[in-house]
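Notes for the structure review
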Amino acid sequence: MRKYVLPLLCCLLVNLCGAQIKYGISADDVVFQKSYPQRKELKRHGGIATFDLTVKNEKGEPIQGANGGACFWYRNGSTSTRGISDENGKLILSNKAKTDGSYIIEKEGFYKTRGGVSSFDAPDEPFGFFERRRWVPVVRDVILKEKRNPIPMYSKRFKGKIPLFNQAIGFDLKVVDWVRPYGKGEVVDMYITIEAKDEVFRKETFKRPYAIVFEWPRKYDGVQVCDADFWSEFISAYSVDLEKPFQKKLVLTPPKSDSGGSWLPGSKYLTFRVRSERSPTGELIQCHYGKIYTSIYAHWSTLYIAPIFFNPTPNDTKLEFDPENNLSPFSCLSEEDKLNTLCP
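So, here is what we can say about the structure in this document. Position numbers for residues count from 1 along each chain, tracking the sequence in the order it is written. Given that the model is predicted, a residue must reach a pLDDT of at least 70 before its local features are reported, and side-chain atom pairs must reach 80 or more before they are shown or counted; all residues, however, enter totals for whole chains, interfaces and linings. Just so you know, side-chain values use all the structure's heavy atoms and leave hydrogens and water out.

Looking at the side chain of glutamate 320
- Only DSSP runs of H or I covering at least 4 residues are called helices, and only runs of E covering at least 2 are called strands; the numbering of each starts at the N terminus. Considering the arrangement of structural elements, one finds glutamate 320 in the loop between strand E20 (302-310) and strand E21 (321-326).
- Note on classification: 1.4 Å probe, protein chains only; a residue is buried when its accessible area is under 20% of the maximum for its type, exposed when over 50%, partly exposed between these limits. Charged residues are defined here as Lys and Arg on the positive side and Asp and Glu on the negative side; His and the ends of the chain fall outside this count. A carboxyl oxygen of Asp or Glu within 4 Å of a side-chain nitrogen of Lys or Arg is what we treat as a salt bridge. Despite its burial, glutamate 320 remains without a salt bridge, the nearest opposite charge being carried by arginine 148 at 6.0 Å.
- Every residue pair with non-hydrogen atoms within 4.5 Å of one another is taken to be in contact. Once residues lying within four places of it in the same chain are set aside, the contact partners of glutamate 320 are Tyr111, Glu146, Lys147, Arg148, Asn149, Pro150, Ile151, Met153, Phe234 and Tyr238.

Considering the nonpolar core
- The criterion is simple. A nonpolar core is a set of buried Ala, Val, Leu, Ile, Met, Phe, Trp, Tyr and Cys residues joined through side-chain atoms within 4.5 Å. By size, the foremost hydrophobic cluster in this structure holds 29 residues, and its most contacted members are Ile192, Phe214 and Leu303.
- Going through the elements one at a time, strand E10 (151-161), strand E11 (169-172), strand E13 (190-201), strand E14 (204-215), strand E16 (249-252), strand E17 (268-278), strand E19 (296-299) and E20 are the ones with two or more residues in this core.
- No other element matches E20, which puts 4 residues into this core.
- Apart from residues no more than four positions distant in its own chain, leucine 303 is found in contact with Phe158, Lys159, Gly160, Ile162, Trp178, Ile192, Ile194, Ile212, Tyr297 and Ala298.
- Val55, Ile63, Ala70 and Leu91 belong to the second-largest nonpolar core, a separate cluster that totals 18 residues.

Thoughts on unusual backbone geometry
- A cis amide bond links arginine 180 with the next residue in sequence, proline 181, at an omega value of 10 degrees.
- Residue position: proline 181 is located in the loop between strand E12 (177-178) and E13.
- Residue serine 295 is bonded to the preceding threonine 294 through a cis peptide linkage, with omega at 25 degrees.
- Secondary-structure assignment places serine 295 in the loop between strand E18 (284-292) and E19.
- Phi is positive for arginine 202, which is not a glycine, with a value near 50 degrees.
- In this fold, arginine 202 is placed in the loop between E13 and E14.
- Given the relative accessible area of 72%, arginine 202 is considered exposed.
- Its identity is not glycine, yet tryptophan 300 carries a phi of approximately 55 degrees, on the positive side.

Let's talk about the pattern of salt bridges
- Within this structure, the stated rule accounts for 13 salt bridges.
- Across the pair lysine 56 and aspartate 141 runs a salt bridge, and its minimum N-O distance is 3.2 Å. Placement of the pair is lysine 56 in strand E1 (residues 47-56) and aspartate 141 in strand E9 (residues 138-143), with a sequence separation of 85 residues.
- Residue class for aspartate 141 comes out partly exposed when judged on its relative accessible area of 49%.
- As a salt-bridge pair, lysine 112 and glutamate 106 come within 3.9 Å of each other at their nearest N and O atoms.
- Look at the salt bridges and you will find they share partners, linking Asp172, Asp189 and Arg275 into a network.

Observations concerning the environment of leucine 319
- With respect to the element layout, leucine 319 can be found in the loop between E20 and E21.
- Among the residues examined, leucine 319 registers a relative accessible area of 0% and is labelled buried.
- The sequence separation of leucine 319 and proline 152 amounts to 167 residues, and the corresponding C-alpha distance is 9.8 Å.
- Aside from chain neighbours lying at most four places away, what touches leucine 319 is Met153, Phe234, Ser236, Ala237, Tyr238, Ser239, Val240, Thr271, Gly290 and Lys291.

Some thoughts on the pairing of strand E3 (residues 77-84)
- Of the pairings in the sheet, the one linking strand E2 (residues 67-74) to E3 comprises 8 bridges and is antiparallel in character. When the bridges of E3 are listed, cysteine 71 appears paired with serine 80.
- In textbook terms, the turn of a hairpin is the stretch between consecutive antiparallel strands, and for E2 and E3 this stretch comprises 2 residues, one of which, arginine 75, has a positive phi near 55 degrees. Whether two strands pair comes down to DSSP finding at least two bridges between them.

Some remarks on the pairing of E10
- For E10, the tally of buried residues reaches 8 of 11 residues, placing the bulk of the element in the interior.
- Judged from the 2 bridges that link them, E10 and E21 form a sheet pairing that is parallel. Its bridge partner being in E21, methionine 153 is matched across the sheet by asparagine 326.
- Two elements, E10 and E20, share 7 bridges in a ladder whose sense is antiparallel. Directly across from lysine 156, in E20, lies its bridge partner isoleucine 308.

See the structure below:
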């Protein structure tokens, strides 16, 4: 008898008080969250979770023969499964799960795409395996981006000491280093200012960065902040959008949560135009393009920018990098640096 008292009291309180329920779920769902025995059983033992996916190309056409794999958190470990999409692009991946799950879809000639869902066992989530007293599939379209024409580029990440604070210093985007005398760079493609303030730590005073300021010196040089295709292995566009204006200045600050990580959001990436040359009449006649992925941040005396891609061909707007043809010399890089440059 006792097990029915709490549900009845919850229903009575909700009806009498007109309580507002988060996410628009019903009073019946509130009772279920707290005491429904099926939910307790599923949290304890798990259930069959399903990704119901339709694999398509960028034109919306189904892709047959794409290989997919999924991993689900279950008890103290995980479960996994694999499958292949059919002629309609349909791919079902199921196994036991208690909480989160993720998947990776790939096919020759395309870039991998990943995805996932967290907190499946929360009925107040707008999606998830567990919803309304039952396990339901996560239904999604998965877009695979085609490998078109990858090109050789200079690609390297930067991790280096900040020479001076609160002062603009030249940076070479091809060499990926400060310009001399602070590094090996030869051409000032942009100026970087690390704005910092004094902070005392264990009775010592340090400079704590609070902003990274990027500035482009030439008339036609600049940067674009672009939306990243976050779940794809190839997160950028195939080429620079010349219809979009270039900014002359970009200021990045730490996330408000102060949780660390990139100061450029993971949902963004940068494209740049540098080394622009003008005709006698002031028209743009030559330049170089490239892109910068997240992450970008300053931590005490160190600046991180990773990775940078520089297209060596003048006036070529292509951004699709061939990892097998990285033009950056590896002689000054560690093995970890090598691995971090091998992405499209």
